[in-house]
Each structure stands twice: as C-alpha cells, then as structure tokens.
Amino acid sequence: MRNKIGQITLFLILGFVILIGLGFIYSITSSAYDEKIKLEAEKSASISFSFDGHKNFLVKCLKNTAEEGVAFVSKRGGYFNLPKYYYNDSINIIPFYFYDDSSFVPGIKNIESSISDYIKSKAPKCFEELAYNNSFFNIDYDIAEIDTKILKDSVIIDLQIPTEIKSNGKIYTIKSYK
C-alpha cells in the first residue's frame with residue numbers, strides 16, 4: 001500500500017509541475033501578444049496624430065496667409081493687382097481712385113476678389129513647406145475656390161482646397177478650410 005501512495009504522490013507532483021509549466025508558457029505568450037498589440041496601437045495613434053498635426057499646420061499657415069492678404073490688399077487701397085494709375089514712392093503704393101475724370105474706386109466685390117487672388121497666389125507655399133518638411137508623406141491639393149466675404153466687423157474666407165495626405169498606404173483627406 002505504501003508503494004501506491006508513493007506513486008500517487010509522484011503523479012500529483014508531476015501533474016503540478018506540468019500545470020505550473022503550462023501556466024508559465026501561457027503567461028509569457030500572452031504578455032508578448034499584449035505587447036505586440038500595444039505597439040501596433042501606439043504606431044496607429046502616432047500616424048493619426050501626425051495627420052492631425054499636418055492639418056493643424058495647414059490651417060494655421062492658411063489662416064496667416066489670409067490675414068496677410070487682408071492687410072496687403074488694405075495697404076494697396078483695395079487692390080491686389082494695381083490699377084493702371086497709381087503712385088509709388090518706394091515705401092507706399094497708392095492707387096488713384098480718380099484720374100482724368102474717371103473713377104477707379106474698387107467695389108466691395110472687387111476687394112473680396114483681390115483678397116481671394118492674394119490667397120490663391122500664396123497658399124501653395126503652405127503645402128510646399130509641409131511637403132518639404134515631411135518627406136515620408138505625399139501631399140496632393142487642388143485650389144478649387146476661395147470665397148471671401150467682407151462683413152461689417154470681420155472677413156470670412158472659405159477655402160475650397162481638397163487635400164490628400166498619403167503615408168504608408170493610408171490617406172487622410174481635408175475638403176476645405178474656413
């Protein structure tokens with residue numbers, strides 16, 4: 001009988017060792033898998049964060065360009081492209097509103113158009129700067145329409161510039177900037 005108790009004890013100890021071994025292998029495999037999932041999630045989050053950073057850069061750059069456009073057109077008396085008659089003293093460029101009994105006063109629509117023309121001519125620099133600073137991304141854009149509205153206390157500019165930022169097979173799309 002003593003022999004049988006020894007065999008049972010041996011099998012219990014052996015079973016316990018096998019159970020501990022399997023638990024240890026499962027633990028290592030599970031933590032390695034969890035670590036892999038965590039790394040993939042961090043990589044994915046960093047890519048989307050990068051895209052958000054690029055969008056923020058473009059929004060800020062285009063906003064600065066719009067503000068510069070309003071100031072530029074204001075300093076030129078409402079014109080982006082100067083009229084035929086103007087005064088230039090190397091510091092200031094002043095368009096003539098009246099010349100030879102003709103009026104060259106720009107209307108509100110002409111001033112809005114001048115601001116839009118300024119932004120259209122300068123906006124590509126924002127995209128070029130972003131592309132230059134980020135060689136891992138491919139940036140495609142099309143300046144479709146720039147709509148400027150001058151209100152009593154503000155200027156509203158709607159930039160229809162569809163943009164695609166591509167990286168590692170992922171595409172981030174921006175349809176417009178306001």
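Residues numbered from 1 in each chain as written. Predicted model: local features only at pLDDT ≥ 70, side-chain atom pairs only at ≥ 80, totals over all residues. Heavy atoms only, no water.

Asker: Explain the packing of helix α2 (residues 108–122) against helix α3 (residues 124–133) to me, please; I cannot follow it from the model alone.
Answerer: In helix packing, the relevant descriptors are the interaxial angle and the interaxial distance, both defined with respect to the helix axes. Relative orientation of the contacting elements α2 and α3 amounts to 20 degrees, with a least axis distance of 5 Å. The pairing of α2 with α3 is recorded here as roughly parallel in orientation. For the pair formed by α2 and α3, the contact residues are Lys120, Ser121 and Lys122 on the first element and Pro124, Lys125 and Cys126 on the second. Class assignment of the residues belonging to the contact of α2 with α3 gives a composition of two nonpolar, one polar and three charged. (Axes fitted to C-alpha atoms, helices over the stretch in contact; angles between N-to-C directions. Helix = DSSP H or I, 4+ residues; strand = E, 2+ residues; numbered from the N terminus. Parallel < 35°, antiparallel > 145°, perpendicular 65-115°, else oblique. Contact = heavy atoms within 4.5 Å. Nonpolar A, V, L, I, M, F, W, Y, C, P; charged D, E, K, R; others polar.)

Asker: How should the nonpolar core be read in this particular structure?
Answerer: Side chains that are nonpolar tend, in soluble globular proteins, to be buried together. Grouped together as the largest cluster of nonpolar side chains are 24 residues, with contacts concentrated most on Leu62, Ile119, Leu159 and Tyr177. Of all the elements in the fold, those that place two or more residues in this core are α1 (2–75), α2, α3 and β7 (155–160). At six residues, α1 tops the list of elements feeding residues into this core. Residues in contact with Leu159, not counting those within four places in the same chain, are Leu62, Ile119, Glu145, Ile146, Ser176 and Tyr177. (Core = buried A, V, L, I, M, F, W, Y, C linked by side-chain atoms within 4.5 Å. Buried < 20%, exposed > 50% of the residue type's maximum accessible area, 1.4 Å probe, protein only.)

Asker: Would you mind showing me how to read the environment of Asp52 here?
Answerer: Turning to its location among the elements, Asp52 is positioned in helix α1. Here Asp52 falls in the partly exposed class, since its relative accessible area comes to 36%. The sequence separation of Asp52 and Tyr172 amounts to 120 residues, and the corresponding C-alpha distance is 9.1 Å.

Asker: Explain α2 here, please?
Answerer: Each α-helix winds once per 3.6 residues, and so residues spaced three or four apart point in a common direction. Look at α2: 21 Å from first C-alpha to last across 15 residues, which is about the 21 Å you get at 1.5 Å a residue. Of all the residues in α2, the buried ones are Glu112, Ser114, Ile115, Ser116, Tyr118 and Ile119. (Expected span 1.5 Å × (residues − 1).)

Asker: So what exactly am I meant to see when it comes to the pattern of salt bridges here?
Answerer: In a structure, side chains of opposite charge can pair up when their charged atoms sit close to one another. Per the stated rule, a full pass over the model turns up five salt bridges. Here Glu112 ties to Lys109 by a salt bridge, and the two come within 3.8 Å at their closest N and O atoms. Highlighted residues: Glu112 and Lys109, both in helix α2, separated by three residues, approximately one helical turn. Looking at Glu112, the relative accessible area reads 8%, which means it is buried. Among the charged side chains, a salt-bridge network with shared partners connects Asp140, Glu164 and Lys166. (Salt bridge = Lys/Arg side-chain N within 4 Å of Asp/Glu carboxyl O.)

Function cannot be inferred from these measures alone, as they are strictly geometric.
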